[in-house]
Amino acid sequence: MAIERTLSIVKPDAVAKNLIGQIYSRFEAAGLKIVAAKMVQLTREQAEGFYAVHKERPFFNDLVSFMISGPVMIQVLEGESAIQKNREIMGATDPKKAAAGTIRHDFAVSVDENAAHGSDAPETAAVEIEYFFGKDGICPRTR
Ligand code: DAT
Ligand code: MG
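Residues numbered from 1 in each chain as written. Chains lettered and ligands numbered in written order. Predicted model: local features only at pLDDT ≥ 70, side-chain atom pairs only at ≥ 80, totals over all residues. Heavy atoms only, no water.

Engineer: Looking at this model, I keep getting lost on the confidence of the model for the protein. Mind explaining?
Structural biologist: Regions with low pLDDT carry predicted coordinates that are not meant to be interpreted in detail. For the protein, per-residue confidence averages 98 on the pLDDT scale, and residues scoring 70 or more make up 100% of the total. Interface confidence for the predicted complex, expressed as ipTM, amounts to 0.98; the pTM equals 0.98. (pLDDT = per-residue confidence, 0-100.)

Here you go:
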């Protein structure tokens, strides 16, 4: 067990449904601290770059179009096992398969628009955090 940081995104569907606060509450209730946050209207280039690992997948173009369909809320979460913990709070990729009480189960209806993103491993978390917040865009929470 270790203190980790992970990249989280409240996706355009959840922002449009006014769910930022409810989603942030779940992070905080789970002991995850927000150490960086910003609302961004992603450009197509930014969204394509972020999801470059999926560029050969059949859903890539739809995914990018969805991610630029409205603003997203991007944050860095910090805490004990933050990467796995955030994945558990989000639930399975397909909301229909997500466990009750998870963000995707409670706030999303389809795999195409599934409310939240969370890094899946330490390596991707590091790359994704730097992609949106650079090397020094984090506010350490020492108090
Ligand atoms: P996750 O977001 O749970 O890490 P992923 O990395 O496999 O899932 O895929 C990234 C996003 O792409 C996912 O949140 C929604 C979309 N996606 C994945 N599989 C899909 C599918 N079969 N059809 C449509 N969209 C899909
Ligand atoms: Mg993923």
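Engineer: Hey, could you run me through the pairing of strand 3 (residues 72–80) in this one?
Structural biologist: Within a regular beta strand, the side chains point alternately toward one face of the sheet and then the other, so they alternate between its two faces. Within strand 3, eight of the nine residues are buried, leaving the element largely enclosed by the surrounding structure. Of the pairings in the sheet, the one linking strand 1 (residues 3–10) to strand 3 comprises eight bridges and is antiparallel in character. From the neighbouring strand, isoleucine 9 faces strand 3, where its bridge partner is isoleucine 74. Bridge analysis of strand 2 (residues 33–40) against strand 3 gives seven bridges, and the strand direction is antiparallel. Bridged to methionine 39 within strand 3 is methionine 73. (Buried < 20%, exposed > 50% of the residue type's maximum accessible area, 1.4 Å probe, protein only. Helix = DSSP H or I, 4+ residues; strand = E, 2+ residues; numbered from the N terminus. Pairing = 2+ DSSP bridges.)

Engineer: What is the right way to look at the nonpolar core in this model?
Structural biologist: Taken as a class, soluble globular proteins show a tendency for nonpolar side chains to be buried jointly. Membership of the largest hydrophobic core comes to 21 residues, with the highest contact counts inside it found for Leu7, Met67 and Ile74. Breaking this core down by element, the ones donating at least two residues are strand 1, strand 2, helix 3 (44–50), helix 4 (60–67), strand 3 and helix 7 (122–133). Sort the elements by how many residues they give to this core and helix 4 lands first, with five residues. Setting aside anything within four residues of it in sequence, one finds leucine 7 in contact with Phe50, Ile74, Gln75, Val76, Asn86, His117, Gly118, Ser119, Glu128, Ile129, Phe132 and Phe133. (Core = buried A, V, L, I, M, F, W, Y, C linked by side-chain atoms within 4.5 Å. Contact = heavy atoms within 4.5 Å.)

Engineer: I tried to follow the site of ligand 1 on my own but got confused; where do I start?
Structural biologist: Taken together, Lys11, Tyr51, His54, Phe59, Leu63, Arg87, Thr93, Arg104, Val111, Asp112 and Asn114 form the complete shell of residues around ligand 1. In this structure, histidine 54 approaches ligand 1 through a side-chain N or O atom, which is 3.0 Å from an oxygen atom. In this structure, threonine 93 approaches ligand 1 through a side-chain N or O atom, which is 2.5 Å from an oxygen atom. The fraction of the free accessible surface of ligand 1 (520 Å²) that becomes covered by protein chains is 76%. Residues of the shell around ligand 1, tallied by class, amount to four nonpolar, three polar and four charged. (Near = heavy atom within 4 Å. Polar contact = N/O pair within 3.5 Å; in protein donor to acceptor, adjacent residues only side chain to side chain. Areas by Shrake-Rupley, 256 points an atom, 1.4 Å probe, with all protein chains shown as cover. Nonpolar A, V, L, I, M, F, W, Y, C, P; charged D, E, K, R; others polar.)

Engineer: Whenever I open this one, the environment of glutamate 123 confuses me. Can you help?
Structural biologist: Here glutamate 123 lies in helix 7. The exposed category is assigned to glutamate 123, whose relative accessible area is 56%.

Engineer: How should the UniProt feature "active site" (unreviewed entry) in the protein be read in this particular structure?
Structural biologist: Cross-referencing UniProt, the feature "active site" (unreviewed entry) maps to His117 in the present numbering. With respect to the helices and strands, histidine 117 occurs in strand 4 (residues 116–118). Assessed through its relative accessible area of 9%, histidine 117 is described here as buried. Apart from the residues within four sequence positions on either side, histidine 117 is in contact with Leu7, Ser8, Ile9, Lys11, Phe50, Tyr51, Asn86, Met90, Arg104 and Glu128. (UniProt positions renumbered as here; feature names shortened; annotations may be inferred.)

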